[in-house]
Amino acid sequence: MKEKVIVFGKGFLGTKISEELGYRLVGRDELDPTIFLSLEKYLDSEKPDVVINAIAKTGKPNVDWCEDNRGITLESNVLVPSNLGKACAERGIFFVHLGSGCMYNGDNGGKGFSEEDESNFYGPQFYAITKIMAEKVLKGYPGLILRPRMPIDEKPHPRNLITKLVGYDSVIDEQNSMTTVPHMIDALRKLIERRAVGIYNLVNPGTISATEIMQMYKKIVDSSHSFKTFSLKGLDAITKAKRSNCYLNTDKLRREKIILPEIHDAVRDCLVKYAENRI
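Conventions and cut-offs
- Numbering of residues starts from 1 in each chain and follows the order in which that chain's sequence is written.
- Only residues with pLDDT of at least 70 are given local features in this predicted model, and only at 80 or more are side-chain atom pairs given and counted; all residues enter the totals for whole chains, interfaces and linings.
- To obtain the side-chain values, all non-hydrogen atoms of the structure were included, while hydrogens and water were left out.
- Only runs of H or I of at least four residues qualify as helices and only runs of E of at least two qualify as strands under DSSP, and these elements are numbered from the N terminus.
- Throughout, a residue-residue contact means that at least one pair of heavy atoms, one from each residue, lies within 4.5 Å.
- Polar contact is the term for a pair of N or O atoms within 3.5 Å; when the atoms are in protein, one must be able to donate a hydrogen and the other to accept it, and sequence-neighboring residues count only if both atoms are side-chain atoms.
- Here a strand pair is declared whenever DSSP counts at least two bridges between the two strands.
- Working convention: axes come from line fits to C-alpha atoms, limited for helices to the stretch in contact. Angles between N-to-C directions cover 0 to 180 degrees.
- Just so you know how the angles are binned, under 35 degrees is roughly parallel, over 145 roughly antiparallel, 65 to 115 roughly perpendicular, and the rest oblique.
- In a left-handed crossing the near helix is turned counterclockwise from the far helix by less than a right angle, and in a right-handed crossing that turn is clockwise.
- Amino acids are sorted into nonpolar (Ala, Val, Leu, Ile, Met, Phe, Trp, Tyr, Cys and Pro), charged (Asp, Glu, Lys and Arg) and polar (every other residue, Gly among them).
- The cut-offs for exposure are 20% and 50% of the maximum accessible area for each residue type, with area from a 1.4 Å probe on protein chains only; residues under the lower value are buried, those over the upper are exposed, and the others partly exposed.

Engineer: Describe the environment of Asn 53, with residues and values.
Structural biologist: Considering the arrangement of structural elements, one finds Asn 53 in strand 3 (residues 50–53). Taking the C-alpha atoms as reference points, Asn 53 and Leu 235, separated by 182 residues in sequence, lie 31 Å from one another. If we ignore the near neighbours within four places in the chain, the residues touching Asn 53 are Phe 8, Val 80, Pro 81, Leu 84, Phe 95, Val 96, His 97 and Leu 98. A distance of 3.1 Å separates a polar side-chain atom of Asn 53 from the backbone nitrogen of Ile 55. Looking at Asn 53, its side chain comes within polar contact range of the side chain of His 97, at 3.1 Å.

In structure tokens, the structure reads:
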């Protein structure tokens, strides 16, 4: 019998997961997960086998928004996953939380940050603080915590990193771990089927920069596109919150025999389809 899976959160990733895997999508128009009693009643009524939390405030147009809206950011990024984690644990429901890899800065001496490394990015950005806090709370419950970064998709969308970068006059040339959404969703499905627990860096192997992506965009999608490159110092000077630039190690996923394509190859594939989908 097919499992009943509920995805909480009608944002970019929640909607993509629901559409691609056929999972039921629930938004706050149906249930407010900040109210624990209502959440309990809902889960007791629906009796899902798996719950995926894709609720998060990342800020519009970017994480600087979170600096000025700390209350609602804290509520969505810490209270909601805490409520879901507790309610699911009490009912034996397998719980999956979409966290974030933006809790580190640097490349950890070239080896990347593993799932066991403590965050070194607690302080310069409130969004990162909330995602770190949520992880610490959820470690007390059985479940699966996934860490995607800078999601890249095949279709234009305001939350797709490609679409974001196209809208900027200038981009930085810093190497980062990133996640291509189609491959992320396939990995998510496999991890749920295996009932994997613990934390996983859900990024493609290797690193890439925004500059490289836009250079590829010019070749594959739009040769007339123009952009400039500026320094990380220049970015820090015009943003309220410092940005995370980091390399995440993917050895744990590889040990599970879940191999995402190398990030340059994966981005190239997404751009080819992006060109088709934007018409």
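Here the narrative resumes, following the displayed structure.
Engineer: Talk me through the sheet that holds strand 9 (residues 198–201); I want residue IDs and the actual numbers.
Structural biologist: The six strands are arranged 2-1-3-4-5-9 in an open sheet whose pairing can be described as parallel. Of all the strands in the sheet, the pair left with one neighbour each is strand 2 (24–26) and strand 9. Ignoring strand direction, the axes of neighbouring strands in this sheet form an average angle of 20°. Across three bridges, the pairing between strand 1 (residues 5–8) and strand 2 is parallel. Its bridge partner being in strand 2, Phe 8 is matched across the sheet by Val 26. Along the sheet face, helix 2 (residues 36–46) touches strand 1, strand 2 and strand 3 and points at about 155° away from the line of strand 1. In the packing of helix 5 (residues 126–138) onto the sheet, the strands contacted are strand 4 (94–98), strand 5 (144–147) and strand 9, and the crossing angle to strand 4 comes to about 160°.

Engineer: So what's going on with the packing of helix 4 (residues 70–91) against helix 5? Residues and values would help.
Structural biologist: Where helix 4 meets helix 5, the closest approach of the two axes is 9 Å, and the angle between their N-to-C directions is 15°. In terms of axis orientation, helix 4 runs roughly parallel to helix 5. When you trace helix 4 past helix 5, the crossing you get is right-handed. Each of Arg 70, Thr 73, Leu 74, Asn 77, Val 78, Pro 81, Ser 82 and Gly 85 in helix 4 lies in contact with helix 5, whose residues at this interface are Phe 126, Tyr 127, Thr 130, Lys 131, Met 133, Ala 134, Val 137 and Leu 138. Taken together, the residues of the contact of helix 4 with helix 5 sort by class into nine nonpolar, five polar and two charged.

Engineer: Which residues make up unusual backbone geometry, and what are the values?
Structural biologist: Of note, the amide linkage connecting Lys 60 to Pro 61 takes the cis form, showing an omega dihedral of 5°. In this fold, Pro 61 is placed in the loop between strand 3 and helix 3 (64–68). Even without being glycine, Lys 47 reaches a positive phi, approximately 50°. Looking at the element boundaries, Lys 47 is found in the loop between helix 2 and strand 3. Of note, the phi angle at Met 150 is positive, near 45°, even though the residue is not glycine. Mapped onto the elements of the fold, Met 150 is located in the loop between strand 5 and strand 6 (151–152). Judged by relative accessible area, which is 24%, Met 150 ranks as partly exposed.

Engineer: Lay out the side chain of Ser 244 with the relevant residues and their values.
Structural biologist: The residue Ser 244 is located in the loop between helix 9 (232–238) and helix 10 (251–255) in this model. A polar contact of 2.6 Å, which involves the side chain of Ser 244, links it to the backbone oxygen of Tyr 104.

Engineer: I'd like to hear about the environment of Asp 107, residue by residue, with values.
Structural biologist: By the element assignment, Asp 107 lies in the loop between strand 4 and helix 5. The class for Asp 107 is partly exposed, based on a relative accessible area of 40%. For the pair formed by Asp 107 and Leu 248, sequence separation is 141 residues and the distance between their alpha carbons is 7.4 Å. In contact with Asp 107, other than residues within four places in its own chain, are Gly 112, Phe 113 and Tyr 247.

Read these as spatial facts, not as claims about activity.
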